[in-house]
Amino acid sequence: MILNYFNILYLYRYIMILSTFLKEKRKQANLTQQELALKAGVGLRFIRDIEQGKQSFRLDKLNQVLRLFGHEMGPVPMDRKDLIR
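Remember, predicted model here, so these are calculated numbers, not experimental data.

*Asks:* Looking at this structure, how should I read the nonpolar core?
*Replies:* For soluble globular proteins, the rule of thumb is that nonpolar side chains tend to be buried together. By size, the foremost hydrophobic cluster in this structure holds 14 residues, and its most contacted members are L36, V42 and V65. Put simply, the parts of the chain that give this core at least two residues each are α1 (5–28), α2 (33–40), α3 (44–51) and α4 (59–67).

Structure below.
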């Protein structure tokens, strides 16, 4: 897939949504970043990077964290009309 300007904007938007979602869920659970990292079995730096909007991460590690809140991230089918050619 070739990333063009619009693909990058969408990617950035979803990363920021993920970052905000994780931070809000962590705070609702009254957890520090370090406590969340320990509960999820990931490093503190990983939690910090995600909450700061890092654009690359391992999906398996992200799902370890999201599962604590009853969520999971992965590829989902799109409508064909949404495809950029």
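*Asks:* Which parts of the structure should I look at to understand the environment of L59?
*Replies:* Residue placement: L59 occurs in helix α4. On the basis of relative accessible area, L59 is assigned to the partly exposed category, the value being 36%. The spatial distance from the C-alpha of L59 to the C-alpha of E72 is 9.4 Å, given a sequence separation of 13 residues. When neighbours within four sequence positions are excluded, L59 is seen to be in contact with M73 and G74.

*Asks:* It is not clear to me how the packing of α3 against α4 should be interpreted in this structure. Could you clarify?
*Replies:* At a minimum axis separation of 11 Å, α3 and α4 run at an interaxial angle of 90 degrees. Between α3 and α4, the angle is such that the two are roughly perpendicular. Here F46, I47 and I50 of α3 lie close against α4, whose contacting residues are K61, L62 and V65. Here the residues of the contact of α3 with α4 are counted per class, giving 5 nonpolar, no polar and 1 charged.

*Asks:* What is the right way to look at the packing of aromatic side chains in this model?
*Replies:* In this description, a pair of aromatic rings is defined by centroid distance and the angle of the planes. For the structure on display, the rule yields 0 aromatic pairs. One cation-aromatic arrangement involves R13 over Y14; the distance from NZ or CZ to the ring centre is 5.8 Å.

*Asks:* Quick question: what am I supposed to make of α3 here?
*Replies:* Residue pairs spaced three or four apart in an α-helix point in one direction, given the helix's 3.6 residues per turn. Within α3 the residues assigned to the buried category are F46, I47, D49, I50 and E51. One or two steps after α3, the chain reaches G53, where phi turns positive at roughly 85 degrees.

Thresholds applied
Residue positions are given per chain, counted from 1 along the sequence in the order it is written. In view of the model being predicted, local features appear only for residues whose pLDDT reaches at least 70, and side-chain atom pairs are presented and counted only at 80 or more, with totals across whole chains, interfaces and linings using the full set of residues. Side-chain measures here rest on the full set of heavy atoms in the structure, leaving out hydrogens and waters. The definition of a nonpolar core used throughout is a set of buried Ala, Val, Leu, Ile, Met, Phe, Trp, Tyr and Cys residues joined through side-chain atoms within 4.5 Å. Think of it in three bands: residues with accessible area under 20% of the maximum for their type are buried, residues over 50% are exposed, and the middle band is partly exposed, with areas taken using a 1.4 Å probe on protein chains only. A run of DSSP states H or I qualifies as a helix once it reaches four residues; a run of E qualifies as a strand once it reaches two. Both are numbered from the N-terminal end. Contact criterion: two residues are considered in contact whenever any of their non-hydrogen atoms come within 4.5 Å of each other. Helix axes are fitted only over the stretch in contact, all axes being lines through C-alpha atoms; the angle between N-to-C directions runs from 0 to 180 degrees. To sort the angles, those under 35 degrees are grouped as roughly parallel, those over 145 as roughly antiparallel, those from 65 to 115 as roughly perpendicular, and the leftovers as oblique. Throughout this entry, Asp, Glu, Lys and Arg are counted as charged residues, while Ala, Val, Leu, Ile, Met, Phe, Trp, Tyr, Cys and Pro are counted as nonpolar. The remaining residues, Gly among them, count as polar. Ring pairs shown here join Phe, Tyr and Trp side chains whose ring centres sit within 6.5 Å, with only the six-membered ring taken for Trp; geometry is labelled stacked below 30 degrees between planes, edge-to-face above 60, and tilted in between. A ring is considered to have a charge above it if a Lys NZ or an Arg CZ atom is located within 6 Å of its centre and within 35 degrees of its normal.

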